[in-house]
Every structure is written in C-alpha cells, then in structure tokens.
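A closer look at the structure
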Amino acid sequence: MSPPTAAYPTVTSPLAIVGGGVMGALSALTAAQLGLKALWFGPAEADRTDGADARNYALSPATVGLLKRLGVWPALEANSCAVTRMEVFSGASRVDLTASDSGAEFLSTMVTHRNLLDALEQALKFCAPVTRVPLRPTRLEIFPDHVRLSVEGKTFDAQLVIGADGARSWVRGQAGILWGQRDYNQQAIVAAFHTEFPHGGVAAQWFDRGDILALLPLADPQQVSMVWSSSRSDPLTPDLNVTIADQITDRTAMRFGRLRPEGGLTAAPLRMLLTDELTATRIALLGDAAHTVHPLAGYGLNLGIQDLLCLETLWKEHRSDPGSGAALNLYRRKRQRHIKTVQWSLDFLQRWVVQSHPTLQRFSQVGMRFVASTGLLRQLLIRQAMGPY
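Residues numbered from 1 in each chain as written. Predicted model: local features only at pLDDT ≥ 70, side-chain atom pairs only at ≥ 80, totals over all residues. Heavy atoms only, no water.

Moving on, we come to the packing of aromatic side chains. Evaluation of the coordinates by the stated rule reveals two aromatic pairs. Taken together, a centroid distance of 5.2 Å and an interplanar angle of 85° make the contact between F41 and F156 edge-to-face. Here the residue F41 occupies a position in strand β2 (residues 38-41), and F156 occupies one in strand β11 (residues 154-163), the gap between them amounting to 115 residues. Exposure remark for F41: the relative accessible area of 0% places this residue in the buried category. Accessibility expressed as a relative area gives 6% for F156, which makes it buried. On the numbers, 5.2 Å between centres and 10° between planes, the contact of F89 with W206 is stacked. Of this pair, F89 sits in strand β5 (residues 85-90) while W206 sits in strand β13 (residues 202-208), placing them 117 residues apart in sequence. You can call F89 buried: its relative accessible area is 14%. On the accessibility criterion, W206 (8% relative accessible area) is buried. Here the basic side chain of R132 rests over the ring of W40, its NZ or CZ set 3.7 Å away from the ring centre. (Phe/Tyr/Trp six-rings, centres within 6.5 Å; stacked < 30°, edge-to-face > 60°. Helix = DSSP H or I, 4+ residues; strand = E, 2+ residues; numbered from the N terminus. Buried < 20%, exposed > 50% of the residue type's maximum accessible area, 1.4 Å probe, protein only. Lys NZ or Arg CZ within 6 Å of the ring centre and 35° of its normal.)

With 69 residues, the main nonpolar core has L26 and W315 as its most contacted residues. Look past the residues within four positions of L26 in its chain and what remains in contact with it is L66, L67, L70, L120, I305 and L308. Residues C81, V88, I212 and Y299 belong to the second largest nonpolar core, which totals 23 residues. (Core = buried A, V, L, I, M, F, W, Y, C linked by side-chain atoms within 4.5 Å. Contact = heavy atoms within 4.5 Å.)

For the rest of this paragraph, the subject is the sheet that holds strand β12 (residues 179-195). Strand order in the open sheet made by the seven strands is β6-β5-β13-β14-β15-β12-β16, with mixed pairing throughout. Lying at the two open borders of the sheet, with one neighbouring strand each, are β6 (93-98) and β16 (259-275). Geometrically, the sheet is characterised by an average inter-axis angle of 15° between neighbouring strands, direction not taken into account. (Pairing = 2+ DSSP bridges. Axes fitted to C-alpha atoms, helices over the stretch in contact; angles between N-to-C directions.)

Going through the model one piece at a time under the given rule, you end up with 16 salt bridges. When the shortest N-O distance is used, the salt bridge between R271 and D183 registers 3.6 Å. In this pair, R271 sits in strand β16 while D183 sits in strand β12, placing the two residues 88 residues apart along the sequence. Relative accessible area serves as the criterion here: at 34%, R271 is assigned to the partly exposed category. (Salt bridge = Lys/Arg side-chain N within 4 Å of Asp/Glu carboxyl O.)

Here we come to unusual backbone geometry. Even without being glycine, A253 reaches a positive phi, approximately 55°. Tracing the chain through its elements places A253 in the loop between α5 (238-251) and β16. Taking relative accessible area as the criterion, A253 reaches 64% and is therefore assigned exposed. Phi angles above zero are rare outside glycine, and R282 is one such case at about 65°. Its location among the elements puts R282 in the loop between β17 (279-280) and β18 (283-285).

This brings us to the confidence of the model for the chain. Summing up the model confidence of the chain, the mean pLDDT is 86 and the portion of residues at 70 or higher is 86%. A low-confidence stretch, residues 1-7 stays under pLDDT 50, and its non-local contacts, those more than four residues away or across chains, total two contacts. Counting contacts from residues 370-380, a segment whose pLDDT is below 50, to residues more than four positions away or on other chains yields 13 contacts. (pLDDT = per-residue confidence, 0-100.)

Attention now goes to the packing of helix α1 (residues 22-33) against helix α6 (residues 300-317). As a packed pair, α1 and α6 sit with axes 11 Å apart at the nearest point and diverge in direction by 25°. One finds that α1 runs roughly parallel with respect to α6. Seen along the crossing, α1 lies across α6 with a hand that is right-handed. Contact residues: V22, M23, L26, S27, T30, A31 and Q33 in α1; L301, G304, I305, L308, E312 and W315 in α6. Classifying every residue of the contact of α1 with α6 by side-chain character gives eight nonpolar, four polar and one charged. (Parallel < 35°, antiparallel > 145°, perpendicular 65-115°, else oblique. Left-handed = near helix turned anticlockwise from the far one by under 90°. Nonpolar A, V, L, I, M, F, W, Y, C, P; charged D, E, K, R; others polar.)

Once that is clear, we can look at the environment of W315. Topologically, W315 is positioned in helix α6. Owing to a relative accessible area of 1%, W315 belongs among the buried residues under this scheme. With residues near it in sequence (within four places) discarded, W315 still touches L15, S27, T30, A31, L34, L36, L160, I162, L308 and P322.

Dropping the structure here:
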C-alpha cells in the first residue's frame, strides 16, 4: 500500500530557519545574500508580554559590520548610539575602558529591539530568495539527506534546519538535544530614564551590594536604559515603580544627574542555558536556542551573531549541501569550545562580583585598581568587550 500523499506539493529549499525574531531574520538575510534560498518559519512578533520591546542591544563592531553588509544599517543608524567609553565601579574603585585605547571608533552601538527587528523585517519583504511562512511548524522528521517540516497540511523539505527559536527552542526539543540551566536567582529589571545631564555616549556599570547595575546610553542624548541584575524576589512591586528613579540616582552617585522614569518596568529571571550539542543530523542551533549568558557583559545577541558568522563561512564552503555532516562537524568544533568559555567566564565573573564577604570585596577592588593602572590589561578587556569573532 503506497503512503498517503500530502495535501499540497512539498516545497524544497537548501535552508529552513525556525524562529520569527531577530536571529531568525538575520539568518534568513545572511543566507539570501549568499544566494541560498531559505524558508523562514515563525509568526511575526506582536503584543509580546515578556518585555522584549523594552530591550536594548549593545551591538559589537562585528555585529554592526554584518548589518552594514546586509544593507540594514541605514535604517538603524539614526536611532542608534555609539558607546565610546565604559565606566565600571566597585566600591571606591573604578576602571575606564575607552574605544580610543585600542584604536577603535566605538566599543559597541546601542539599538532597541523593536527598531532592529522592524528594520530586518522590512528588508526581508523585498528579499526574493526568502519565503516567509508565518506559522510555527508542528512536525519535524529527519532523513539522511534532508529534514521535513510540516505545518497545516503542507510539507517543506530542507537540507539544513536552523533552530533560531529562542531559549524555549522547539527545534532543540524535536532534535532530542539535551540541555540544562543554571539559575542566578536574580531578575533583570529593565527601565528607561531621562537624565539630568547628557550621557555623552558613556555606558556605566556598578557592582554593588551583590547586584549588577548598568546604565546604557540611547539615541536621545538624555536617555539611558537601565539593566539591573537584582536579587529582589519581587522586582515589580508598586513601591519600586514609585521609588525606582530616586533609588537608581542614589546608587549611581548621580553619575548622570537626577533620573526621571520614562515608561514602566519589566523584569525577567536570569539563567545560563547550556546544551550538550550545537547540532544534530541536518540541524544546527544558534543564538538563545543554543546558549544564554548573564547580561553583565552585553554578550547575548553578539554571541549568537558569532554563531551566524561561523555558519555563513561554512555555507560558502558547503554551498551544495549546507546540512552535510562535514559542515555541521566544523560548526560544532569552531563554536562549542568558544561558547563554553564565554559562558563559564561570565558565570565566574558573576559569582565573583555578587559575593559579599569583606575580604573578597577588597580583593575585587584591588584587582580593579590594578586593571585601571595597566594599559595592556585594559586593551585586553576592550577587545573582549567588543566581541571579536
């Protein structure tokens, strides 16, 4: 007896990308620039309740370079802010990291989540090699030479499926890739403030009382985004909404003058997500589907971009079959060790800065003073902050 036929003819493509957010859109555009046809699955983001629209990204120079190559940067530049200096405080100690120390124009560039995603989606509307399927797949079947995705009676075959569908990745689950997480027992509280004094493109971070507090400059010269990694168990209480501006003004010693809240607060739990593998047969994970990190260094999106840049190189070399075992083995070897190094380095740093023992705090402050007085160490930290690929 012959197997039942699909209600619609099967659509075939070299790549199928699952994930309707920033990483999915970037993956689709990158593939299209190489001349690879791609299926892009995932509903458009709308009415999200997880605080995504309040999020701001510190884009590394490598990430900005990719956006320029993809032709997206002109739509973002006017609403971006270049970070030229980073000030880090711990007690009475301070370290300044400046782009000029390493001969660069900027350390990172701030953009909003909404502006970035809107620019990517607009670019994809006119991108012929990309077919948008504004639905989540409901089934994934793996064969030796392709993967079949099903949605609403239609089937789609691809040589490679990219899981760019976030920390709760459906692709990861369908592929049987094991994962785990470390809970930091902290909440990332995000808010925007109007500042009394212009920020001047300066980002500032405080390691204080077991918390990590950052104020990041935005396109408006008197607006900053706060990311407060707080141990508060109830971060969104009504009293905090009322007192937040005064609290942060005091905790930052009025670095940008008096602060005035703009909009409400959002909060999300902080966790490090680890996966046993980055790949399975004909499947590759990237971005939050493969890893998450503590936000203290602004590495999250940039780490995912590094995954994509690695895949881009491999797609050029394995154009005839981007999902081959050889290509995926190279991706795993090139990325897995680097990802683990970044994850556990940031984990160690987070554990170190949130400790409250007086002796350890003194060691931390002595270490910061040593870094502040040592040019080579500052340059090393700057190179890491810029996230070279």
